[in-house]
Structure formats: structure tokens, C-alpha cells
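The chain contents come next:
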Amino acid sequence: MDTEKSNGDWSEVEIQAAVDAYLSMLSREQNGQAINKAHENRVLREGALAGRTKGSVEFRMQNISTVLVELGRERIEGYKPAKNVGANVAKSIREALNAPGPVTPEDFVPTADEATLEQRAAKLERQPIKVEPKGIEKPEQTQSSGKSYVRDPEVRAWVRQQAEGKCEGCGKPAPFEKSGRPFLEVHHVKHLAQEGSDRPSNAVALCPNCHRRCHHSSDREEFTASLYTKVKRLKPE
Ligand SMILES: [Zn+2]
Ligand SMILES: [Zn+2]
């Protein structure tokens, strides 16, 4: 009983809203919490999916289940995969699933796991960070994951925002993009292994060349010293 309007092509924003709601319900279901599908459906139609019918929102949720199953991922029990998902819709859903969802308190939690740290920093970086994060004065080393240090994702995000896409070592634009963002690596000027802090005053965003130079070149000490004059926020530790 969908009207033509409710059946029309869904925008990327609408698909993203449906995917975000779906993933939030999925994580609650996996945590053993009850989910109220009818309620979530109504909330979506009162917001991002205004003008869509209950049935078409339900059908999108089943589309998301289809794509998740195809990707070998978990789905919500109550949304049986729909059979006929258009190729364009499936593509938009896959893109929305890869896109980081809304920022949650968990994204601010320090971690020693590099992949998690980068995931959190990349998410935080999408919105301007107004206040310089405090960071961690004495990062702890974990025993488990190969002697990594616990670091603050917000420090990484903030430092890269400050660099505005340019290497703070050589001043050149990042050599390439990753996931639509300039690729710069965050380096601790006084190394963490030398008890350097994980604070903005000890971290710079560098292109891969300058980063290697800091660690391996024969002029690494002079080059490192030059960073303190180039980047005002740095404080020798
Ligand atoms: Zn550079
Ligand atoms: Zn480094």
C-alpha cells in the first residue's frame, strides 16, 4: 500500500539513517536487551524518514539484513532478509555500513589496539574538535598486544585536524588520501618508549617520509629538533 512518494528512490541520507538505527538495534539485541521494532520504525518516520510508510521502512530493514548476510555478518533476528534488493540500494547500504556511525562515548576511550585507535580517531576527526584534548601524560604499556601503549583517539584526531591536510614536518600536502581524508601519521616527538606523553604538545602529524625520517634517518635528531620550532604547540619533554 505504499504511495508513489514513499516508494521513490531513497537518498543516501535516508539509507544511512536506516542503517544507523539498524546497527544500534543490533548491538542492543546482541547485548541481550529487548528491542521494539515498531517504536524504532515510528521514531525514524518522525525524523530522517518522514514521508515514508511503516511498510517501506520495514522493507529497508529487511534489505539491510540481506546485505549483512551477504557480507557474512550478523543480522537482527526479527528482520528476515528480503529477496529482491535493487543493486543500487544494496550498494548504498554497503557504503552506509562501512561509513562510521554517530560518535558514541566509547569513541573517546583510550586503547592500545592500533586498529581500534585509528577507527575511533577517524570517527572523531569528522567533526571539528573545539577544545584541545588533555591526552595521557604517562601512557601505559599493555602486556597483551605486543607492547603497545594505551593512547587517546581524540589526541590523534585533534593533531590531524590541526595539520589541515599538510605534513607538519615538510609542509607539503599529504601524499594521498585514505577513506576520503588526507593520509598523515601521528608521531610522538619524544617517543612513547622514552616515556614521552600522548598529549597534543608531544604529537605531530607527518607524511610517511617525514615520519620515517624521525625514526631512521642519520639527521633524525636535527630534524626532530626542527619540529619544535615549526610547530608552536610542541613542548620539549
Ligand atoms: Zn613531510
Ligand atoms: Zn613515530
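Cut-off values and rules
Residues numbered from 1 in each chain as written. Chains lettered and ligands numbered in written order. Predicted model: local features only at pLDDT ≥ 70, side-chain atom pairs only at ≥ 80, totals over all residues. Heavy atoms only, no water. Donors = N, O, S within 2.8 Å, 3.2 Å for Na, K, Ca; no water. Tetrahedral: all angles 85-135°; square planar, octahedral: opposite > 155°, others 65-115°. Domains from an automatic or database assignment. Core = buried A, V, L, I, M, F, W, Y, C linked by side-chain atoms within 4.5 Å. Buried < 20%, exposed > 50% of the residue type's maximum accessible area, 1.4 Å probe, protein only. Helix = DSSP H or I, 4+ residues; strand = E, 2+ residues; numbered from the N terminus. Contact = heavy atoms within 4.5 Å. Phe/Tyr/Trp six-rings, centres within 6.5 Å; stacked < 30°, edge-to-face > 60°. Lys NZ or Arg CZ within 6 Å of the ring centre and 35° of its normal. Expected span 1.5 Å × (residues − 1). Arc of directions from axis to C-beta.

An unreviewed UniProt entry annotates the protein chain as 5-methylcytosine-specific restriction protein A of Pseudomonas synxantha.

1. A word on the coordination of the zinc ion (ligand 1)
Coordination of the zinc ion (ligand 1) by the protein comes from C167 (SG), C170 (SG), C207 (SG) and C210 (SG), over a distance range of 2.3 to 2.4 Å. Geometry at the zinc ion (ligand 1) is tetrahedral, judged from its four donor atoms and the angles of 106 to 117° they form at the metal. Spacing between the donor residues of the zinc ion (ligand 1) along their common chain follows C-x2-C-x36-C-x2-C.

2. Examining the domain arrangement of the protein chain
Looking at the protein chain, the domain boundaries give domain 1 (4-98) and domain 2 (105-230). Summarising the inter-unit geometry, the C-alpha centres of domain 1 and domain 2 are found 36 Å apart.

3. Some words on the nonpolar core
By size, the foremost hydrophobic cluster in this structure holds 24 residues, and its most contacted members are V159, L184, V204, L206 and L227. Looking at this core, the elements with two or more residues in it are helix 6 (114-125), helix 7 (153-163), strand 4 (203-206), helix 8 (208-216) and helix 9 (220-230). Sort the elements by how many residues they give to this core and helix 7 lands first, with five residues. With residues near it in sequence (within four places) discarded, V204 still touches V159, E168, E185, V186, H187, V189, L227, V231, R233 and L234.

4. As for the coordination of the zinc ion (ligand 2)
Distances from the zinc ion (ligand 2) to its protein donors, H187 (ND1), H211 (NE2) and H215 (NE2), fall within 2.0 to 2.1 Å. For H187, a relative accessible area of 2% corresponds to the buried category.

5. Some points on the packing of aromatic side chains
The final tally for this structure, using the stated rule, is two aromatic pairs. Residues F176 and F183 carry aromatic rings whose centres are separated by 4.8 Å and whose planes lie at 20° to one another, so their mutual orientation is stacked. For the cation-ring pair, K37 lies above Y79, with the distance from its terminal atom to the ring centre recorded as 4.7 Å. Positioned above the aromatic ring of W10, the side-chain terminus of R60 is 4.6 Å from the ring centre.

6. Some details on the side chain of T66
Locating T66 in the fold gives a position in helix 4 (residues 54-70). For T66, a relative accessible area of 10% corresponds to the buried category. Look past the residues within four positions of T66 in its chain and what remains in contact with it is P81, A82 and V85.

7. Regarding helix 5 (residues 87-98)
Helix length check: helix 5, at 12 residues, gives a terminal C-alpha distance of 17 Å against a target of 16 Å (1.5 Å per residue), a fit within 8%. Within helix 5, the full set of buried residues consists of V89, A90, S92, I93, A96 and L97. An end-on view of helix 5 places all buried positions within 160° of arc, on one side of the element. Exposed residues on helix 5 whose side chains face more than 90 degrees from its buried face are A87, N88 and N98. Considering only its buried residues, helix 5 is in contact with helix 2 (12-30) and helix 4.

8. Focus on the environment of L117
In this fold, L117 is placed in helix 6. Of the residues examined, L117 reaches a relative accessible area of 1% and is grouped as buried. Taking C-alpha positions, L117 is 7.6 Å from D152, a pair spaced 35 residues apart along the chain. Ignoring anything within four residues of it in the chain, the contact list for L117 reads T111, R151, D152, P153 and R156.

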